[in-house]
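Here's the letter readout for the chains.
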Amino acid sequence: MVVVNINHRLNVLGYLDLSAFGEEYAHSANVGNWDLIWALKWVKDNIGFFGGDRDNVTIFGQSGGGGKTISVMNMPYSAGLYHKAMVMSGVTTNLLSHKSLPAEDIVRRMLENLGSNDVRILSAITQRELADNYLRAFKELGGERMPFLGPTANQDYIGDPFDVGFTEYAKSVPMIVGSNFSEFVNLPPQYHRSEMSNE
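Values in this document were obtained by computation on a predicted structure and should not be read as measured data. (Residues numbered from 1 in each chain as written. Predicted model: local features only at pLDDT ≥ 70, side-chain atom pairs only at ≥ 80, totals over all residues. Heavy atoms only, no water.)

**Here's the deal with the packing of helix α2 (residues 31-46) against helix α3 (residues 64-73)**
Note the cut-off: Axis lines are fitted to C-alpha atoms, over the contacting stretch for helices. Their N-to-C directions set the angle, which ranges from 0 to 180 degrees. Think of it this way: any DSSP run of H or I at least four residues long counts as a helix, any run of E at least two long counts as a strand, and we number them from the N terminus. Every angle not falling under 35 degrees, over 145, or within 65 to 115 is termed oblique; those three ranges are roughly parallel, roughly antiparallel and roughly perpendicular. Residues count as neighbours in contact if any of their non-hydrogen atoms are within 4.5 Å of one another. Classification used: nonpolar for Ala, Val, Leu, Ile, Met, Phe, Trp, Tyr, Cys and Pro, charged for Asp, Glu, Lys and Arg, polar for all others including Gly.
With their axes 10 Å apart at the nearest point, α2 and α3 run at an angle of 75 degrees to one another. Between α2 and α3, the angle falls in the class roughly perpendicular. On the side of α2, the interface is formed by Asn33, Leu36, Ile37 and Leu40, while α3 contributes Lys68, Ser71 and Val72. Along the lines of polarity and charge, the residues of the contact of α2 with α3 split into four nonpolar, two polar and one charged.

Written out as structure tokens, the structure reads:
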């Protein structure tokens, strides 16, 4: 077995939706997932040099990696780049905000807080300032819990399979699904270990 471990953009660097601000930002909401797609394209083109089989690629992940596995499966551009999948604890349920606030509203508040109406200013500040400004705008607009910064349903990603199902290609791929008994040090308050079922 040949294992390829990759990095990709997260948080506001990977999932800040600027699509309302011009055609050049049309794919901005999912650049973190596009990093994953480009990594799979690299595997397809190069894994043979490392003893791997480009026609027998399994994508897998745990927790956030499980969620990314599922979301990559629901990107039409991933079809044919993988052939099997394994997901461990890859569902977030209601622990995050789930995009209760429109991305455009948050970005406009960010720009207002930065004293600008030019979205390009976001590339001129530090990553820390960008993340802090996003969180501030989210809270100021009434956002609750932690903001959701993950894939956005659009031309690149068809959406959460719990809501829209899987792509036709993903439906044809064998997948192993599992979960950890306790994903975090403390389970969220709505769960009780003694009352959890096997379902």
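**Re the nonpolar core**
The condition that has to hold: The set of buried Ala, Val, Leu, Ile, Met, Phe, Trp, Tyr and Cys residues whose side-chain atoms join them within 4.5 Å is what this entry labels a nonpolar core. Between buried and exposed lies partly exposed: a residue is buried under 20% and exposed over 50% of the maximum accessible area for its type, with that area taken using a 1.4 Å probe on protein chains only.
Counting residues in each nonpolar core, the largest one holds 18 residues, and the members touching the most others are Leu16, Leu18, Val107, Met110, Val119 and Leu122. Mapped by element, the contributors of at least two residues to this core are α4 (103-113) and α5 (127-140). If one sorts the elements of this core by residue count, α5 sits on top with five residues. Among all residues touching Leu122, those that are not within four sequence positions of it are Leu16, Leu18, Val107, Met110, Leu111, Leu114 and Leu130.

**Some thoughts on the confidence of the model for the chain**
Close inspection of predicted coordinates is inappropriate for parts of the model with low pLDDT. Heads up, the rule is: For every residue, the pLDDT score states the predictor's confidence, bounded by 0 at the bottom and 100 at the top.
Per-residue pLDDT for the chain averages 89, and the proportion of residues at 70 or more is 85%. Taken element by element, the predicted model of the chain shows its lowest mean pLDDT in helix α6 (residues 161-164) (88) and its highest in α2 (97).

**Some remarks on the pattern of salt bridges**
Keep this limit in mind: Salt bridges are identified by distance alone: a Lys or Arg side-chain nitrogen within 4 Å of an Asp or Glu carboxyl oxygen.
Under the counting rule described, the total for this entry stands at seven salt bridges. Taking the shortest distance from any N to any O, the salt bridge between Glu104 and Arg108 comes out at 2.9 Å. Of this pair, Glu104 and Arg108 both sit in helix α4, separated by four residues, roughly a single helical turn. Its relative accessible area of 32% is what places Glu104 among the partly exposed residues. With a shortest N-O distance of 2.9 Å, Arg128 and Asp132 are connected by a salt bridge. You can see Arg128 and its partner Asp132 sitting in helix α5, four residues apart, about one turn around the helix.

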